[in-house]
Amino acid sequence: MKKTAAGRRATPSIRKKAAVHEPGAKPINLALQGGGAHGAFAWGVIDKILEDGRLEIDGLSGTSAGSMNAVVYAYGKLTGGADGAREALENFWKAVSDAGQRYSPVKRLPWEQSMFGWNNDDTAAFEWFKLMTNALSPYQWNPLNFNPLRDILLEQIDFDALNTCQNTKLFLSATNVRTGKVRVFNTREITIDAVMASACLPYLYQAVEIDGEPYWDGGYMGNPSLFPLFYNTDARDVLIVHINPIERAGTPKTPAEIYDRVNEISFNSSLIKELRSIAFVQKLLGEGWLKDENQGQLKYVLIHSLRADAALSDLSVASKFESDWNFLTDLRDRGRATAAEWIETNFKDVGVRSTVDLRKEFLNSGSEQENKPSKHAASAKSRRA
C-alpha cells in the first residue's frame, strides 16, 4: 500500500468496479459549489455517479473547488472515459493533499489533531493565519502570487485539448472585480487563468487578470451559476451539489461560530437568489401565466438538490483549508454515500419532475400572500382564457 509524504498509510482507492454507463442512461447537469477542501465531497458525488452508470453528465457549472472538479472530470472523461474521469479526480485530490503537506500555512501541531479533530479554528496556525490575512493583503505577504494549485492543474490538464471537448459542456463562474458582475467561461474559453480566477479568494490571492479585467472567486456572484445550464445543454435536469450547508441548528455565539455561519450564508446567497428566479419561472409556466406566443421563450427545468447540511454538519469553515489525505478521502466517502442515497431515492424522477420544492426548501417565505397571484396577474390570466 502506498504511503503519503508524511509516512502515513494512504487510504486505499475505493474504485472496485469499472464505470460503465448503462444503455439509456439519463442525461443530467451538475452544478458544483465551491468550498475549498470540502470540494472533495463533490468528488465523491461525481465518483459515485460514474460508478453507478445510470446518469450521464451533460454539462457542469462550477465555482472555485467546483470548477476544479469540473475541469478535471471533463479532461479525464475526454482522455479515458468514465474510468479516466474517476482516476483523474483521485489523482488531482491526492496532488492537492501532497502539496498541502508541503505548503499549507495552517498545518496543525501533532497534538492538535486529538484536541480539535478536523476543525482548525482554535489551532495556533489558524489563529496566526487569520491575523496575517486580516493585517496584510496577498500583494504584501505573497508578492510572487505563489499558488500550488496552478502547477497541479497545469501538470494534469492539457487546456488546449480541453477546449475542444464536445461531450461535456463546462461553465465556470468568476466575479469581475471592477463591475461586480459574474463572468461565465464556457468550454472554449477555459484556460488555467479562468480556473484560478474562479477560485481566487481575495484575502488569499491576488486578483487574476484576464483580457485586462481583474477577477475574484465566483462564489460571490454565482455559487454556482445555474443559468448557463438551462439553454446551453440538452439535459433538462440540474442536480445542485451543495457543500455549504444552508441550514444549521442553533445560534452561533463564539467568534468562530459566527464567522463560519456568515461565510456559509454569504456563499449561498447568490444561489438562493437564482433559485428564487427559477421558482418564479416555474410558476409562470406551470400556472399558465404566459401568453401562448411567449411559452417557447422559457424552459421548464427540473431541479434536484443534493444537500450537505447533515453530511458536513460537524465541519467548520476552517476545515476547508485541511489537506490531510485521510480527511479528503473521508469527505469523498461522505459524498459517495450521499450520492448513492440520492440516486436510489430519486433516479426514477430524473427527466420526469423536480425532486425539490424550491419555495419550501430554499425560499421559505412563509407568506401566503406571496404565493398567490396578484389581482393584476389573475385578471390577465382570465383575459387570456
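A.B. asks: Explanation requested: the packing of aromatic side chains in the structure shown.
C.D. replies: Summed over the entire model, instances satisfying the criterion amount to five aromatic pairs. A centroid spacing of 5.1 Å and a plane angle of 75 degrees characterise the contact between Tyr103 and Phe146, whose relative ring orientation is edge-to-face. Here Tyr103 is found in helix α2 (residues 65-103), whereas its partner Phe146 is found in the loop between α5 (138-141) and α6 (148-156), with 43 residues between them in sequence. Members of the aromatic cluster, each reached through a chain of ring pairs, are Trp43, Phe92, Trp93 and Trp325. The positively charged end of Lys26 is found above the aromatic ring belonging to Phe347, 4.4 Å away from the centroid.

A.B. asks: I would appreciate a short explanation of helix α1 (residues 39-52) in the present structure.
C.D. replies: Residues that lie three or four places apart on an α-helix share one face, since the helix turns once every 3.6 residues. For α1, built from 14 residues, the straight-helix expectation of 20 Å at 1.5 Å per residue is met to within 8% by its first-to-last C-alpha distance of 20 Å. With 14 of 14 residues buried, α1 is to be regarded as a mostly interior element. Positioned one or two residues after α1, Gly53 has a phi angle of 85 degrees, which is positive.

A.B. asks: Any chance you could explain the packing of α1 against α2 here in plain terms?
C.D. replies: Helix-helix packing: each pair is described by the crossing angle between the helix axes and the interaxial distance. Packing of α1 against α2 brings their axes to within 9 Å, and their N-to-C directions diverge by 25 degrees. Put simply, α1 runs roughly parallel to α2. Judged by the twist between their axes, the crossing of α1 over α2 is right-handed. Judged by residue contacts, Gly39, Ala40, Ala42, Trp43, Ile46, Asp47, Leu50 and Glu51 of α1 engage Ala65, Asn69, Tyr73, Ala82, Ala85, Arg86, Leu89, Glu90 and Trp93 from α2. Its residues assigned to classes, the contact of α1 with α2 comprises 11 nonpolar, two polar and four charged.

So, how was this worked out
Residues numbered from 1 in each chain as written. Predicted model: local features only at pLDDT ≥ 70, side-chain atom pairs only at ≥ 80, totals over all residues. Heavy atoms only, no water. Phe/Tyr/Trp six-rings, centres within 6.5 Å; stacked < 30°, edge-to-face > 60°. Helix = DSSP H or I, 4+ residues; strand = E, 2+ residues; numbered from the N terminus. Lys NZ or Arg CZ within 6 Å of the ring centre and 35° of its normal. Expected span 1.5 Å × (residues − 1). Buried < 20%, exposed > 50% of the residue type's maximum accessible area, 1.4 Å probe, protein only. Axes fitted to C-alpha atoms, helices over the stretch in contact; angles between N-to-C directions. Parallel < 35°, antiparallel > 145°, perpendicular 65-115°, else oblique. Left-handed = near helix turned anticlockwise from the far one by under 90°. Contact = heavy atoms within 4.5 Å. Nonpolar A, V, L, I, M, F, W, Y, C, P; charged D, E, K, R; others polar.

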